[in-house]
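Below are the chains, spelled out letter by letter.
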Amino acid sequence: MEARAVTTLTDRLIALIAQNGPITVAQYMTSALYDPLNGYYAVRAGLGESGVGADGDFLTAPEASQMFGELVGLWCAQEWMTLGSPAPFNLMELGPGNGTLMADAWRATKIVPGFHAAARLQLVEIGAHLKERQAHALSKVGATPTWIAHLDEAPGAPTLVIANEFLDCLPIRQFFRIEGRWRERLVGVKDGALAFGFSHEVLPDETLIPPALHGAPDGAIAEVASALPAFVATLALRLAQAPGRALLIDYGAQQTTGGDTLQAVRKHQRVDVLDTPGSADLTAHVDFPRLVALARDAGLAVHGPVPQGAWLDALGVKERAAALAKARPDKAGGIDAQLHRLTAGDQMGVLFNAVCLSSRDLPPPAGFEKMA
Ligand code: SAH
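Bear in mind that the values here come from a model prediction, so they are computed numbers and not experimental data.

A. Layout of the environment of Val189. Topologically, Val189 is positioned in strand 7 (residues 181-190). As a C-alpha pair, Val189 and Pro22 span 167 residues in sequence and 7.6 Å in three-dimensional space. Once residues lying within four places of it in the same chain are set aside, the contact partners of Val189 are Ile14, Ile17 and Ala195.

Shown next, in the form of structure tokens:
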């Protein structure tokens, strides 16, 4: 008989905390998402699901509408030409989920002479079962990707990186402003259950805290994705070795707001962050001002962030929707609903932002010209 894990992740975390003391929110997030036995990705793999999509836990832009991946694909083709149509070049995606975005992008760029022949498709994905889904989705459009463990493992060549809802998975630490000092929010145990609390120690100074929140009033919350500097540094190195760009789309405000953005989502409903870790997707908003500052410090050129709705508008999403509706009048209502979902202010249009990080001395990327 197959050996089975009988302890839940909650039980294991409680035992760990009993032994070593409370853990940080980042440690909790890391376990809840990536624990090889009971983390969210492992649990979804065990169920043969991805979690992404209408029948999963959360809906992303490419899963909501093919127009998203198509426009991202045409953006890539445009920027490839801006780079001088290099052959070969790396077309890289971070966290491709079901592979829908890249499949739509690949289909849309079939008409671009030389683009497919020049592209070396590089995917960075942590979930083994998701690689299978990506392989399947891409084989349907005739694309053969390679998987690499990390973005610096791609062959040396000009590179276009795309990532949608990838940075929001990076574990965050949270610091709360209490009586004029910053204390770290920790996960401990109370009455036999996981519970939030605070560190006894206060931060010695505000080096770790986003500048916009220095000296913030009580009640402010600072969120810090510890892996972001290393991510930006790796990207900057790659884009210094050969020209290229990274298009990063995620949810998060353009200004640092100082609120709690950690959220758990299961079956399209927000649930308690500490409830049954591994059973829900956990994310936090991307701190765009920090991302921009880190990128500039690392020598990258930065365009945006611009709201997703405005960016898609600039790329011609309305025209694309009209063309699709004209070709399939029976689907016009659905296409209109998708357009609304991607671009409306109360949908994904404003909460999501797009930012482009580039090698120096390139013209503004498509869709960012007016906002540059
Ligand atoms: N981009 C897709 C999926 C978003 S979900 C879409 O828009 O639909 C987040 C994706 O990032 C998943 O594929 C997840 O497995 C992957 N992922 C999360 N953390 C990762 C990490 N540290 N390294 C590589 N991939 C990761």
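B. Broad picture of the side chain of Asn90. Structurally, Asn90 is set in strand 2 (residues 89-94). A distance of 2.7 Å separates a polar side-chain atom of Asn90 from the backbone oxygen of Pro155. Ignoring any residue separated from it by four or fewer positions in sequence, one finds Asn90 in contact with Arg120, Gln122, Ala154, Pro155, Ala157, Pro158, Thr159, Leu160 and Arg238.

C. Just the packing of helix 5 (residues 66-82) against helix 13 (residues 332-343), in detail. In contact at an axis separation of 9 Å, helix 5 and helix 13 are set at 65° when each is read in the N-to-C sense. For the pair formed by helix 5 and helix 13, the contact residues are Gln66, Met67 and Phe68 on the first element and Ile335, Gln338, Leu339 and Leu342 on the second. For the contact of helix 5 with helix 13, the per-class residue count stands at five nonpolar, two polar and no charged.

D. Up close: the sheet that holds strand 14 (residues 301-307). The strand order across the open sheet built from seven strands is 4-3-2-5-10-15-14, with neighbouring strands paired in mixed fashion. Strands with a single pairing partner mark the edges of an open sheet, and in this sheet they are strand 4 (146-148) and strand 14. Put simply, the sheet's adjacent strands are angled 20° from each other on average, direction ignored. Of the strand pairs in this sheet, strand 2 and strand 3 (residues 119-124) are connected by six bridges, and their pairing is parallel. The residue of strand 3 that forms the bridge with Asn90 is Arg120.

E. Geometry of the pairing of strand 8 (residues 193-202). Bridging between strand 7 and strand 8 involves seven bridges; their strand directions are antiparallel. The residue bridging Gly188 from the neighbouring strand is Ala195, located in strand 8. Hairpin remark: strand 7 followed by strand 8, antiparallel, with two residues in the connecting loop; positive phi at Asp191, about 50°.

F. Structural view of the site of the ligand. Residues in contact with the ligand amount to 18 residues; listed here are only the nearest, Tyr34, Thr60, Gly95, Glu125 and Asn164. Measuring from a nitrogen atom of the ligand, one finds a backbone N or O atom of Ile126 at 3.2 Å. A distance of 2.8 Å separates a nitrogen atom of the ligand from a polar backbone atom of Asn164. Protein chains shield 92% of the accessible area of the ligand, which is 570 Å² for the free molecule. A per-class count over the shell around the ligand returns eleven nonpolar, four polar and three charged.

Rules used in this analysis
Residues numbered from 1 in each chain as written. Predicted model: local features only at pLDDT ≥ 70, side-chain atom pairs only at ≥ 80, totals over all residues. Heavy atoms only, no water. Helix = DSSP H or I, 4+ residues; strand = E, 2+ residues; numbered from the N terminus. Contact = heavy atoms within 4.5 Å. Polar contact = N/O pair within 3.5 Å; in protein donor to acceptor, adjacent residues only side chain to side chain. Axes fitted to C-alpha atoms, helices over the stretch in contact; angles between N-to-C directions. Nonpolar A, V, L, I, M, F, W, Y, C, P; charged D, E, K, R; others polar. Pairing = 2+ DSSP bridges. Near = heavy atom within 4 Å. Areas by Shrake-Rupley, 256 points an atom, 1.4 Å probe, with all protein chains shown as cover.

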